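Survey of secondary and tertiary structure
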Amino acid sequence: MSVSLTSYPRTSGGGGSGLVRFQGLLDALAAATALDMEGTARDLLATLRSLSGTMSDADMVALAIKARDAMAVAKGRGWVAGSYFRDAMLVCASHWMALHPDVAHTGLARRAQGAVASRLAATTSVALRASAEEAGTVAWLYQVSALLGEDVTATVARAPAAIAGTRYQACAGGGVLDYLECAASYNVNQFLRIRLPDPAAPALVIAGEAKGGASGYGVVKGPRAFMLAHGLRGTTISQRDMLYPLSRAAYMARANPADPVGRARREAGRAIVDARRDGVFMYLAVRGDIDMANRTVAGQWEEFKC
Amino acid sequence: MLDIQAYPLQEQHLAAAADFLRQSMAGQQRLFEQLEAAWQEMQATRDASRFLYVRYSVMETTAAAYATRDRVVFDAAVDSMLAHALPVDADWYRPTAAQLGVDLAVALSCRQEGRAHALGRQILQHTPDDGAPVPEDWQARVLARLFDLDYDGAADALARMGQAIDAARLPRHEAALLAAWREAAACVVTRTDVPLADALRRMSQLRTVYVEKMLVRWSKGQSTDLSPLDFWDCQAGALAVLARSLGLAQALVPAELPFADWQWTEGTRAWA
């Protein structure tokens, strides 16, 4: 899906002057030439939203991605304080879902069918839970694809490979970890890195919690110093809280590379830490379940925060 | 150059410690800019969450720099942390006494008197029963009272700290450390010299045992609750500095107290 903004009519048809305004704001934000960068980012978001009813879903996805990238670069480089890229991603998701209304329309179809088959074959509570967890993972990947405007199973999370015979799965590109699925405690469930067009800008990082079926959100304790620094000594962190993935990252970032999965855990943990420091980290919690009537996986996001 | 030989770790743990600490120093070049950006963001959005997170990273870097005797990074990190204070006057965020207590311990350890005075005042503005005080809230009050030369107040806070330790059902290591700190603080309150040195040495031994145990786990690839902060006990350092200012420090031997080496932190760059 690639759209050239210059190919759009400027005075008639879908978008029109709104599109010209969008391009102007995008350019000003990307080049950091606006006097009021914060206001420019807000205007860009408002313009993106205003175009929503006038453009096709595919074009809106393309525009939302451009806006997201420009806003994320601006945030990561310290030009704006607000996390407007998150809002652009929500716009993107609504249009992407219109194009891909369920997992069957994505590269997740086979994995979803696997989860359904596991559920049908399950005779123990452990097997049932495993199939629900797989459904949660499928739903998470679907939701994150929507938010990013791309089927991640065809891009950054394409055909993840198991690490050293463990249940951890990873994808890397150019020696850099892009996607990690973790399989034990002291981890986030999912890690995804989105590189931005500006090589000087820090990459966007999304960490996730995939909930399957009716499983509840638990509470955890983080490292002692971490809890103290956040004024949480004596309390716990909910899995719905932004501090949850950050507390897990505190453990992951210190994994020993001598461990078979330590290198990937450490890289993901450090990427989360760095992205949070740069203000371009997001946490996405998704619940998925197997829809037995339609023999597929359905889900929805429950937390999406910066 | 890492110089963790100053620590009484067994030979087989030194390389692992160096490795572990080196990780925490990675990326520190950008860290201070990120703290400034997070500070600006907090002012604009009235949301302290990212700021607190980056500040925690700075604190860890400070500790890693202390442990590796990297004076340049240590000075820069202390400066950065104390220059970007916790938001105490905001109506949208109020730090706990325990959070302020960490800053007070850093300021005292590094002889930042002006900053320590301001923090002490802020800590004492917390009413003792704000929320559900944890042992570290009382620890902060003990330091603030001692710095204010209010020995009765410090003794009272120490008693409440003991109750809080009992009530908190902490992991054994944490309870032992806090109990040893409390004992050392009690010696400062009563101006008794030799038991103070013993208590500080005990804290150093507890830290050594814990760090070595965690390094073994870390070397095996197991999850650990080890942080650079385990290599710098600024709370003990603050006590040592206060004791020194009261003329109680004759018995303190820095070589035995690497986790709270009050002499090494003495040359910290002055903060305006």
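**Some details on the overall build of chain B**
Helix and strand counts for chain B stand at 11 helices and zero strands. Counted from the first residue to the last, chain B has its helices and strands arranged as α-α-α-α-α-α-α-α-α-α-α. Over its C-alpha trace chain B gives a radius of gyration of 18 Å, about what one expects of a compact globule, namely 19 Å for 272 residues. Taking all 272 residues of chain B together, the buried fraction comes to 58%. A total of about 11000 Å² of accessible surface is found on chain B, and carbon and sulfur atoms cover 51% of it. In chain B, the 26 positive side-chain charges and the 35 negative ones have mean positions that sit 2 Å from each other.

**Some remarks on the environment of N187 of chain A**
All names here are of chain A. One can find N187 in the loop between strand 3 (176-181) and strand 4 (190-194). Through-space distance from the C-alpha of N187 to that of M89 is 25 Å; in sequence the pair is 98 residues apart. If sequence neighbours within four positions are ignored, N187 has contacts with Y168, C182, Y244, R248, M252 and R265. Reaching out from N187, the side chain makes a polar contact with the side chain of Y168 at a distance of 2.8 Å.

**So, the interface of chain A and chain B**
A common measure of how large an interface is: the accessible area buried when the components associate. Tallying the contact residues gives 31 residues for chain A and 38 residues for chain B. Here chain A packs against chain B, burying approximately 3000 Å² in sum over the two surfaces, 49% of which is carbon and sulfur. The tally of links between chain A and chain B comes to seven salt bridges. Between R233 of chain A and E174 of chain B there is a salt bridge, with the nearest N and O atoms lying 2.6 Å from each other. Our count for the contact surface shared by chain A and chain B stands at 14 residue pairs in polar contact (both at pLDDT 80 or more). Counting residues per element, the ones that place at least two in the side of chain A that touches chain B are helix 3 (57-76), helix 7 (224-229), helix 8 (243-252) and helix 9 (262-278) of chain A. When residues of the side of chain A that touches chain B are assigned to their parent elements, the largest contribution, eight residues, is made by helix 9 of chain A.

**Regarding the nonpolar core**
The biggest cluster of nonpolar side chains holds 199 residues, and the ones touching the most others in it are W140, L180 and L192 of chain A together with F231 of chain B. Looking at this core element by element, the count peaks at 12 residues for helix 3 (residues 49-67) of chain B. Both domains that meet at this core, namely domain 1 (16-99) and domain 2 (103-305) of chain A, each give it at least three residues. Each residue touching W140 of chain A, except ones within four places of it in the same chain, is listed here: Y179, Q190, L192, I206, A207, G208, E209, A210, L284 and V286 of chain A.

**Focus on the domain arrangement of chain A**
Residues and elements named next belong to chain A. According to the domain assignment, chain A contains domain 1 (16-99) and domain 2 (103-305). Counting residues at the interface gives 18 residues for domain 1 and 26 residues for domain 2. At the surface where domain 1 touches domain 2, the tally comes to one salt bridge. Between D198 and R77 there is a salt bridge whose closest N-O contact spans 2.8 Å. Our count for the contact surface shared by domain 1 and domain 2 stands at four residue pairs in polar contact (both at pLDDT 80 or more). Every element with two or more residues in the side of domain 1 that touches domain 2 is listed here: helix 3 and helix 4 (84-99). In terms of residue class, the side of domain 1 that touches domain 2 is made up of 11 nonpolar, two polar and five charged.

Quick notes on the rules
Residues numbered from 1 in each chain as written. Chains lettered and ligands numbered in written order. Predicted model: local features only at pLDDT ≥ 70, side-chain atom pairs only at ≥ 80, totals over all residues. Heavy atoms only, no water. Helix = DSSP H or I, 4+ residues; strand = E, 2+ residues; numbered from the N terminus. Rg over C-alpha atoms; globule rule 2.2 N^0.38 Å. Buried < 20%, exposed > 50% of the residue type's maximum accessible area, 1.4 Å probe, protein only. Areas by Shrake-Rupley, 256 points an atom, 1.4 Å probe, with all protein chains shown as cover. Lys, Arg positive; Asp, Glu negative; His and termini not counted. Charge placed at Lys NZ, Arg CZ, Asp CG, Glu CD. Contact = heavy atoms within 4.5 Å. Polar contact = N/O pair within 3.5 Å; in protein donor to acceptor, adjacent residues only side chain to side chain. Buried area = accessible area lost by both parts, 1.4 Å probe. Salt bridge = Lys/Arg side-chain N within 4 Å of Asp/Glu carboxyl O. Core = buried A, V, L, I, M, F, W, Y, C linked by side-chain atoms within 4.5 Å. Domains from an automatic or database assignment. Nonpolar A, V, L, I, M, F, W, Y, C, P; charged D, E, K, R; others polar.

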